[in-house]
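What follows is each chain in one-letter form.
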Amino acid sequence: MLLHSEPGLEAWLGHALPDARIVAQSFELGAWLRTAFDPQVIGVVLDTEVLPLSDLRTVLASLQRDPRPWLLALCGDRGLAGCENLLSAPRTVVLPKPWTPDGVEFALQLLRGAGAAAPPAAGASDAFLTGLVEGLRDPLSSLGGYLQLLQHHASNGSTELLRPAMDSARALERQIECLYLASAPIRPRTERLDLRPLAAEALQEARREDARVEADFPEGELAADADPRYVRAALGIGRLLLERFGPGGPVRLQATRDADGLRLSWEAPHSASTAASRGDVAPPSFLPELLERLAARVPARLVLDRLNGVVPVSAGLRWARDAAVKA
């Protein structure tokens, strides 16, 4: 069921859920209550922005039945003020607007996997799924908060509020994309790649975020068999690990060739890696597992070295000699 359809959304849901009948309707209390308790309703897509708060709470209360239909809530500029419990509700995913086909598809995969009778995804672990939620909660909350501030202060022309909101939105989008690539049943498209352009993209993205990064590449060709989507995602997660949980200081994207093959990884500076770390706080378990999943789909071997077995000081990818090309 789809409440308050947006252009293109109904057609995309029909494509993503080919075995379901999509019913689009506006909210009217009597009609809604007759429909909401229909046991054939397996899920609801709800635009939280267009409903008054009282109607929104009525919809949420009426979904508390057994078996509970899943809920995909599209969240706009208003955020979730008054209905913050949506973030922790069972069988519920909150997706910021503007929605994208990839975002909706990823959310539907999570919701279909949340049913009691649904088998767990291959290779999934409680730590990974818990970390997924924790990793998305902060940027999502930040996005909603900043957008609400923008709504109240837009007339002041205060552009200082815009950048943090957009940074949070981009962080959320990147993490969702990495999680989707690591968990969705996508067949890698491996090809012979020159890794230099991908490394340049990773450096450019980091500098756009004002990250302190450096680069160190040898002369000659740096080529390997890989899927570029997974290389980009792995480099992004590797930098996130070192910047948030490494020993501090600028990180260096480094490529090295040796008798065993080719390595492309983010490295903490030597002085930082031998100094006292910032409290030796280990990263949440889902981030190393996410990097490992992405590396396996590149395909490449995981590079993750830790100081004292806790603080990451290098993170990236390694290709064996038969998968890499020497100059």
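Everything quoted here is computed from the prediction, not taken from an experiment.

**Concerning helix H10 (residues 286-297)**
- Between its first and last C-alpha atoms H10 spans 17 Å; for 12 residues at 1.5 Å apiece the expected length is 16 Å, and the two agree.
- Counting buried positions along H10 gives 9 out of 12 residues, so the element sits mostly inside the fold.
- Along H10, the positions that sit buried rather than exposed are Phe286, Leu287, Pro288, Glu289, Leu290, Leu291, Arg293, Leu294 and Ala295.

**Quick notes on the confidence of the model for the protein chain**
- Summing up the model confidence of the protein chain, the mean pLDDT is 77 and the portion of residues at 70 or higher is 75%.
- A low-confidence stretch, residues 115-126 (pLDDT under 50), is modelled with 8 contacts involving residues beyond four sequence positions or located in other chains.

**Quick word on the nonpolar core**
- Counting 52 residues, the largest nonpolar core has Leu195, Trp266, Leu294 and Trp319 as its most contacted members.
- Listed by contribution, the elements that provide at least two residues to this core are helix H6 (162-183), helix H7 (195-208), strand S8 (223-226), helix H8 (228-245), strand S9 (251-258), strand S10 (261-267), H10 and strand S12 (311-320).
- For this core, the element with the highest residue contribution is H8, accounting for 10 residues.
- Grouped together as the second largest cluster of nonpolar side chains are 17 residues, Leu46, Leu56, Leu80 and Val94 included.

**Thoughts on the packing of H7 against H8**
- Contact pair H7 / H8: the axes reach a minimum separation of 10 Å and the direction vectors enclose 40 degrees. If you check the angle between H7 and H8, you find them oblique. Between H7 and H8 the crossing geometry is right-handed. Contacts between H7 and H8 involve Leu198, Glu201, Ala202, Glu205 and Ala206 on the former and, on the latter, Pro228, Val231, Arg232, Leu235 and Arg239.

The rules behind each value
Residues numbered from 1 in each chain as written. Predicted model: local features only at pLDDT ≥ 70, side-chain atom pairs only at ≥ 80, totals over all residues. Heavy atoms only, no water. Helix = DSSP H or I, 4+ residues; strand = E, 2+ residues; numbered from the N terminus. Expected span 1.5 Å × (residues − 1). Buried < 20%, exposed > 50% of the residue type's maximum accessible area, 1.4 Å probe, protein only. pLDDT = per-residue confidence, 0-100. Contact = heavy atoms within 4.5 Å. Core = buried A, V, L, I, M, F, W, Y, C linked by side-chain atoms within 4.5 Å. Axes fitted to C-alpha atoms, helices over the stretch in contact; angles between N-to-C directions. Parallel < 35°, antiparallel > 145°, perpendicular 65-115°, else oblique. Left-handed = near helix turned anticlockwise from the far one by under 90°.

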